Structure formats: C-alpha cells, structure tokens
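Each chain is listed here by its residues.
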Amino acid sequence: MTITEKPQQQYKVIGTRPIRHDGLEKVTGRAVYGADVKFPGLLWGAVLRSPHAHARIKKLDVSKAAKMPGVFAVMTGADLVDLESKLVDMGEEIDNLAYTTKKLMADDKVVYKGHPVAAVAAVDLNTAQEALKLIAVAYEPLPVVLTVEEAMAPGAPLVLDDLVGEHLTGEARNTNIAKHTRYEFGDTAKGFARAAVTVERTFKLTMVHQGYIEPQNATAQWNQDGKLTVWTSTQGAFNVRDAVASILKMPESNIRVIPLEIGGGFGGKIPIYLEPVAAVLARKAGRPVKLVMDRKSVFEATGPTPGGTIRVKVGADSAGNITAAEADLRYEAGAYPGSPVGAGAQCIFAPYRLPNSRIDAYDVVVNKPKTAAYRAPGATQAAFAMESVVDEVAERLGIDPLEFRLRNASREGDRRADGPIFPRIGNVQVLQAAKRSAQWNAPLGAPSAPHKKRGRGVANGFWFNGGMKSSCNLAVNKDGTVAMVEGSVDIGGTRASIAMQAAEVLGIPAEDVHPTVGDTDTVGQTDVTGGSRTTFATGYAAYLAATNVVKQMMGRAAKLWEIDESGIEFKDGTFFSKSDPELRLTFKQVAEKLDETGGPLSATGTVNMRGAGGAFSTQIADVEVDTETGKVDVLRWTVVQDVGKAIHPAYVEGQMQGGAAQGIGWALNEEYFWDDKGNMHNSSFLDYRMPTALDLPKIETVLVEVPNPNHPYGVRGVGEAPIVAPVAAIANALRDALGTRFTETPMKPSRVLAAIKGGTLDGAATAASSNGASRRGRR
C-alpha cells in the first residue's frame, strides 16, 4: 500500500517494478563473489587469532612456520608500521588509523578474543592452517572488562594503555571512556517540575551481529610496477583503497580495489579486516594471496553492533505534552574507540518535539571485538529505551499510544534535540497512516490456547540518512541502449534503482540502461553503500549524467536538422523541433546517427550530497506469548514508513520487511553469549539464533510518500529506518500481553518465563501503575 502526501508528477519508469538487472547472474550462480577469485599461482592465507580477550604477548616465534614446506610468507604486527593518530571516514563510522592497524594485527597486546596475532600464506588452505600450529605464542593474561559498568568503574583495568579520552572537561588519561558528548537544550529540571507523570528506566542491550551469509574475504596481487590490486567483498571500494594506502604508506593511485558481489553487509562490511593482511603476505610471497574468514572468526573478530546501557527519563503534563526528556547512553565500542553512540544520541529523541532535553553519550572500550555499523547504527538501541518509556508515559496518562506520539510528534521547523532543525519530514504523516492501518484497527483476537496471551505494541523510529560523494558514467550505444558505470556496490537492488533514475531522464525503459558497478580505476570517487545514501546520492549522480546526455543528444539532433540547439525540446524520450512539429526523432533514432554527428557520446555525473532528508518508520506488532514456555510468536506485523518517493516499490518494500525481520530477531533471540573471560560461546549460525521464514508472519508495508525537496524525484533513503522500531514494538507488545515491562534484550523464552513466574529478574519490571490505556482494536 502506498500513500502519497499530495498528487505528484507522473513518471514512466520511476514507481514501476522492473526485474533487477543482475538477477539472472545471481540465480544461475554466475555472479562472482569474493571467495570465487582464482589466479594461477594463487596462495591461501590463514590468520592465527588470540585465545584470550586480554593479554600481553610475551613471546612470538614464527620461525618454524616460515620453514614449513609449502609456506611462502609469514607476517606479524611487526610488518605493519605504527601510524600516527589520524581519523579516517569509513562512511558510517570514523576509524583512527593508529588503532585500525592494531586491530588488523596485534603488537604487544591482544585486547579481544580472536585478535589477529600472525598470518601465513601457503600453497593451500590446509597447509596454511597447519603452519599456524607451529607458531609459538606466550601470553600473560590480563584482567578482562566486558561491560560498560565494569569499564567505567573506578580503578577498572585499562583496555588501551595509551587511550586519551575526550571528556567534557578536556583530555583524560587512564580511562576506558573514549568520548563523552553532551547535547543540552532548555531546562530539564523545570520541565520535570511541570510534569504530571514522569517515567525513568534503565535498559540493557547485548551485542548482536548483522548476520550476513558471506564471510569477509580479500585477495591481493602486486604488479611488477609496484602497484597493488585488491579484490574484496566490501560496501565501499574507495574507502578500502584509502585505508589500505594509509596503512601501507603508499599513494592511493597505486592501489586498485575491485569490489565483487556482496553476500550481505548491513554495515558490517564497511571496515577493513583482511585487505592489508593479504597485501603484506602477497608482497612477501611474490604471488597473489587470498584470505576468507571462517564463521567463528566472523563472529569473534569482525564488528557487531554494540551492547550497553541506556537510561531514559521522560515527563509529560496532564494534557499529554512532553515537558522534558533526559537520556544517558553508554555503548560498548569494543576494544577500540568508535561505537555509534553519537548516532544513537542524534536519533533517540528525534520523533518528538521537546522543549527541554539533555543527552549524555559515552563511547566506552571493553574487551570485545571493535563494533561496526549495523543498519541505522546506534538507533535501534536508543529507540528501545525511548519508545518503551514513551509507551509507559502514555499508559499512565490513559492516552492511546499512537495519539500520544502524534500529539508530541516532531515536524518541519522543529529543533532536534542534538541541534539541527528538521526540514520537510513525514513523521506526522507516518503516524497518521499507522493509526489508519488495517492492523491497528483490527481486533487482536482471542489467544489460540488458554495458557497463551496476546498483546499489541507500537513504536516509532528515526534515521537521518546520508549523502556524501557519488559518481556515475553513462555511454550511449548506437542501438539506443546506455551503458552505465556507477561506483556504489549493489546490496539491495541499487543497480536497478540508479538505472531507473537515468532511464526516467532519458525517456527509455529501465531495461535499456545496462548498469555495472565500477572499481576505483574505472569510476569517480564514490562513498560507501550505507547510511541509506545510495539511491539518493548515486541516483542523483545518474540523474545529472543523464541530463548531460540529453543536452548532448539535443546538439546531435540539431546537427541532423541543421537548426540551432535552442530550438529543440525533449520530452518522453523524443526530440522535437519547437517550430516544426514534423521534425521528431526518438532517443534511439538519434543514437543510431552518433557516427554521423560527432562520434561517441558519454557523460559523467558527480555529487557531494547534503540534505538527505531523515526517515521515520512506525511499526505495529501483534504477539502471542506461551505462558508455559515463555516462547513469543509474532502473529502480525506492519511497517509504515516515509520513503520520499519509491523508485522501485518492490525493493522499498523488501528493505522495510528485511529491517523489521532483523529487528524481530534482535528483540527475541539474538545475542552474543559471553563467559566471564570474554569467550563467545555461540559463534555459529547453529547457536546464534536468527529468525527464519518459519518464525515470521507476512510483514505488511505501508509506503508513505513525502518527497524530499533536495532530490529531483523526492528520494529518501529507506534501508535503515525499518530496523529502528522493532525491538521497542516487541517490548511494548509484551507489556500489553503480560503487564510486565522488559528492559533487557533479547526477550528470550527464559527471560519471559521468569517474568511470568516471578516478575523479579534482570531485564523485566512490573509497571508501577497503570490506568489501562487502550490499544486500538486490541479486544
């Protein structure tokens, strides 16, 4: 279902549902992924990883491994030079190169289980793995800190001895708090004094993984001229190139990064893990080297999304207007600084207009793998806390939860709690559409058995979306088709959505634009596929390139008709003379005459975008709880989202459904299960429980189109907002079903059952008071 704010321009291509251009190669198995790369003389690499979460390396001897038959190269941290502290923008995260190098290969200390200590390259994978067994390492175990509470406690063991924290009072040493940020507006004390109802709760979250199927991989080869080529599964080839160049201290122009098809990323394939290692081994061996992570290493040594604690306090007056809100976010960065706590702070209060607010955000290092982006990084955690408290405030005031959100909804011109002023946004329209939705107005129905209970929950979520740099090249073929080379790795059907925007300008079918993802030598600078920026920014680059093509084609038509170019108009794929209606040529007809009018025709579009336009996603969850086992079944789910303009509605719906599915898993099952020594005990897809099709209902979607004025077609990013609300929606549905407020994820059967039986457990609390605010249609 699509709801358009007001009548929009009618399009020929945009808004249709063509088959994706790369579909045939993928379903037939011809698409090339990272593990498919093969070359003559290719060596296999393997990485030795630390069995300790925190330890000093007292001895590291690789001599026996280096002498093993079939081994061509061995590397350690000594092969990577120490870099000065320098922040590098990786797209959805900022990395410090000094720590990135240490993350790739430990120096004298390991700071998380799975930390690389050494690597080898050999004739085959088995030989490489056997060589790892010959490397002698002596460790001195150190105390482990695994939670933000432990890391922030006075006298806590230091994860990084050289960390200089950025605190409100200035630089701080001997600390695990990498950064403390505060946003403050108005007077919260006065705001809370005016409140008739105030709710304050603390929430706990554990690390969860993005769950992509394809593991990280990289293949590196050096040419005789000293230039390096890297093939990898990445969300951003240019970001990889820039990072590798800095780490290896070589010019960016001497590195070519070729992005291959990507088997899922969700933000987790923005950071680098294997590319510099493969490059060093290949340089030492004099042959190409390929590395592919095993699943255990993916879980233990790549970036999950952070756990942590969030305290939220919200006050509202008797009329249901929020008077003040405070939040304290403490996120686990993993072993090196750089959690998405800043993004969480930007998003936590975004759905609401607040006269008084204060946000404190802490980036805290712990002995766990360095976190990475995961689809709206930091926002899901924040929404879980805020939307739970908002629901409880509405309940205590006796106000319908959607009505309460509408009453306090942020609008165009409102100030976001962290400072920016909202441009045109669709928050109110999304909430109104949710209120009119079929699910919200349908009866919840009777439980399927006497020992089961049902509940309905709702939550709202925000993601600000990204812009950044993108490039696109178009070349017109003489048969009227167009070859496109764009720089964004295709994760969610972006080849199609970008090609469709070019096709709309050119007045030709989407199938006549043939998109290819370029590499760092074949297309201009293009930032990561992430931040919900690709269809927005790279699509804009395609629009500009296509507009340039049309202008050039008008010149070609002018030559054919021997008239001035200013006398020609172009509409719906046809060039025609303003003065002589008989002079008409289609795009294809002009293309056929390229050789006669000047030869090849191509154009480039480049952008450095701002004004991405934030997105709001309201979600409704119906659940049924088995009070004998604690199992929670999701009965029905609706995602209502402002999508700006849906370029390819099927892919937009898929993004909304995929984000909701991942959020449901996050809410009910998924977690990193640690022991007190920092060992993860469920590092496989058998034990790390993600939802399957059998666990989910058909996810209904409502597309609300409030066009973004900063894009010619009104595009807003859609990929990240849908993961923000689901955890909170589940928590609110469980509160509705059981009368218990869950404050810890995951809300797994054991936790639910304990709440049912006793009500006193970590992660659940019975509401202090309730006056029975209604859930629309629930009875």
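Reading the values: rules and limits
Counting starts from 1 at the beginning of each chain's written sequence and moves along it residue by residue. The predicted nature of this model means local features are confined to residues of pLDDT at least 70 and side-chain atom pairs, given and counted, to a pLDDT of 80 or more, with totals for whole chains, interfaces and linings taken over all residues. Side-chain descriptors were evaluated using all non-hydrogen atoms of the structure, hydrogens and water having been removed beforehand. Only protein chains enter the accessibility calculation, which uses a 1.4 Å probe; a residue whose area is less than 20% of its type maximum is buried, one above 50% is exposed, and one in between is partly exposed. Going along the chain from the N terminus, every DSSP run of H or I of four or more residues is numbered as a helix, and every run of E of two or more is numbered as a strand. What qualifies as a polar contact is a pair of N or O atoms within 3.5 Å, subject to a donor-acceptor requirement within protein and to the restriction that residues adjacent in sequence count only when both atoms come from side chains. The method works on a 1 Å grid over the protein atoms by themselves. A cavity is a set of points holding a 1.4 Å probe that cannot get out, a pocket is an open set with protein on both sides within 12 Å along at least five of seven lines, and residues with an atom within 4 Å of a point line them. Grid points are joined across faces, edges and corners, and a volume is the space filled by probe spheres set on the points. The residue classification treats Ala, Val, Leu, Ile, Met, Phe, Trp, Tyr, Cys and Pro as nonpolar and Asp, Glu, Lys and Arg as charged. All others, Gly included, are polar. Put simply, a nonpolar core is a bunch of buried Ala, Val, Leu, Ile, Met, Phe, Trp, Tyr and Cys residues held in one set by side-chain atoms that sit within 4.5 Å of each other. Just so you know, the domain bounds were taken from an automatic or database domain assignment. The criterion used for residue contact is that any of the two residues' heavy atoms lie within 4.5 Å. One speaks of a salt bridge when a side-chain nitrogen belonging to Lys or Arg is within 4 Å of a carboxyl oxygen belonging to Asp or Glu. Axis angles are defined between N-to-C directions and span 0 to 180 degrees, where every axis is a line fitted to C-alpha atoms and, for a helix, only to the segment in contact. Note: crossing handedness is left-handed where the near helix turns anticlockwise from the far helix by less than a right angle, and right-handed where it turns clockwise. When DSSP finds two or more bridges between a pair of strands, those strands are recorded as paired. Each of two parts loses accessible area, computed with a 1.4 Å probe, when they are put together; buried area is these two losses added. Any Phe, Tyr or Trp ring, taking Trp's six-membered ring, that has another such ring centre within 6.5 Å forms a pair; planes under 30 degrees apart are called stacked, those over 60 apart edge-to-face, and the others tilted.

Some words on helix H3 (residues 97–104)
In an α-helix, one turn spans 3.6 residues; hence positions three or four apart end up facing the same way. With respect to burial, H3 is a largely interior element, seven of its eight residues being buried. The set of residues buried in H3 consists of Leu97, Ala98, Tyr99, Thr100, Thr101, Lys103 and Leu104. Backbone nitrogen of Ala98 and a side-chain oxygen of the N-cap are separated by 3.0 Å at the start of H3; the cap is Asn96.

Quick notes on empty space enclosed by the protein
Counted by the stated rule, this structure contains five cavities of 30 Å³ or more. Here the largest cavity is characterised by a volume of approximately 80 Å³. Around the largest cavity sit Val47, Arg49, Lys103, Leu104, Met105, Tyr112, Pro116, Tyr273, Leu274, Val277, Met293 and Ala301, which together line it. In the lining of the largest cavity, the residues fall into 10 nonpolar, no polar and two charged.

Describing the nonpolar core
The biggest cluster of nonpolar side chains holds 91 residues, and the ones touching the most others in it are Ile348, Trp637 and Met747. With 11 residues, helix H11 (residues 379–397) is the single largest residue contributor to this core. Both domains that furnish three or more residues to this core are identified here as domain 2 (40–399) and domain 3 (423–465 + 614–778). Of all hydrophobic cores here, the second largest spans 46 residues; its members include Val13, Leu506, Met553 and Ile647.

Quick notes on the side chain of Glu653
With respect to the helices and strands, Glu653 occurs in helix H18 (residues 649–668). A residue is classified by how much of its surface remains accessible, and Glu653, at 16% relative accessible area, is buried. Residues within four places of Glu653 in sequence aside, it is in contact with Arg17, Thr701 and Leu703.

A closer look at the side chain of Arg495
Looking at the element boundaries, Arg495 is found in helix H14 (residues 494–506). Dropping the residues within four chain positions of it, Arg495 is found in contact with Asp22, Lys26, Glu261, Glu486, Asp490, Pro515 and Val517.

Here we look at the layout of surface pockets
Of the pockets and cavities examined, the second largest pocket occupies roughly 740 Å³. Secondary-structure elements contributing two or more residues to the lining of the second largest pocket are H14, helix H15 (534–561) and H18.

Let's talk about the pattern of salt bridges
Opposite charge on two side chains allows them to pair when their charged atoms are near. If you walk through the whole model with that rule in mind, you get 52 salt bridges. Between Lys368 and Glu332 there is a salt bridge whose closest N-O contact spans 3.2 Å. In this pair, Lys368 sits in the loop between strand S20 (357–365) and H11 while Glu332 sits in strand S19 (residues 322–334), placing the two residues 36 residues apart along the sequence. Residue classification places Lys368 among the buried residues on the basis of a relative accessible area of 5%.

Let's talk about the packing of H11 against helix H19 (residues 726–738)
Contact geometry of H11 with H19 gives a least axis separation of 8 Å together with a crossing angle of 35°. You can see that H11 and H19 cross each other, and the crossing is right-handed. Contacts between H11 and H19 involve Thr380, Ala383, Phe384, Glu387, Ser388, Asp391 and Glu395 on the former and, on the latter, Val727, Ala728, Ala731, Asn732 and Arg735. In the contact of H11 with H19, the residues fall into five nonpolar, three polar and four charged.

Some remarks on the pairing of strand S29 (residues 615–626)
By the criterion of burial, S29 is predominantly enclosed, with 12 of the 12 residues buried. Of the two faces of S29, the one holding Ala615, Ser617, Gln619, Ala621, Val623 and Val625 and the one holding Phe616, Thr618, Ile620, Asp622, Glu624 and Asp626 are both buried throughout. The sheet contact formed by strand S21 (residues 452–463) and S29 spans 12 bridges and is antiparallel. If you follow Asn460 over to S29, its bridge partner there is Thr618. Here nine bridges tie S29 to strand S30 (residues 632–642), and the two strands are oriented antiparallel to one another. Residue pairing across strands places Val625 opposite Val632, the latter belonging to S30. Here S29 hands over to S30 after five residues, with Gly630 in that stretch at a positive phi of 85°.

Digging into the domain arrangement of the protein
A common way to state how big an interface is: give the accessible area lost once the parts meet. Segmenting the protein into domains produces domain 1 (2–31 + 466–609), domain 2 (40–399) and domain 3 (423–465 + 614–778). Between the C-alpha centres of domain 1 and domain 2 there is a distance of 38 Å. Across the contact, 22 residues belong to domain 1 and 20 residues belong to domain 2. The largest contributions to the domain 1 side of the interface with domain 2 come from Val489, Thr520 and Val528, which together make up 35% of the buried area. One can count three salt bridges joining domain 1 with domain 2.

Considering the packing of aromatic side chains
This model, assessed by the stated rule, comprises 17 aromatic pairs. Ring geometry for Phe39 and Trp231: centres 4.6 Å apart, planes at 50°, overall tilted. Of this pair, Phe39 sits in the loop between helix H1 (23–27) and strand S2 (43–49) while Trp231 sits in strand S15 (residues 228–232), and the two are 192 residues apart along the sequence. The class for Trp231 is buried, based on a relative accessible area of 14%. Relative to Phe575, the ring of Phe570 lies with its centre 4.4 Å away and its plane at 40°, an arrangement referred to as tilted. Residue class for Phe575 comes out buried when judged on its relative accessible area of 0%.

Concerning the environment of Val71
By the element assignment, Val71 lies in strand S4 (residues 71–76). Under the relative-accessibility criterion, Val71 is labelled buried at 13%. Here the alpha-carbon distance between Val71 and Thr127, two residues 56 residues apart in the chain, equals 7.3 Å. Residues in contact with Val71, not counting those within four places in the same chain, are Ala65, Ala66, Ala121, Ala122, Thr127 and Ala131.

Overview of unusual backbone geometry
A cis amide bond, omega -5°, links Thr745 with the succeeding residue Pro746. Positive phi values are uncommon outside glycine, yet Arg375 reaches one of about 35°. The topology assignment puts Arg375 in the loop between S20 and H11. A relative accessible area of 7% places Arg375 in the buried class.

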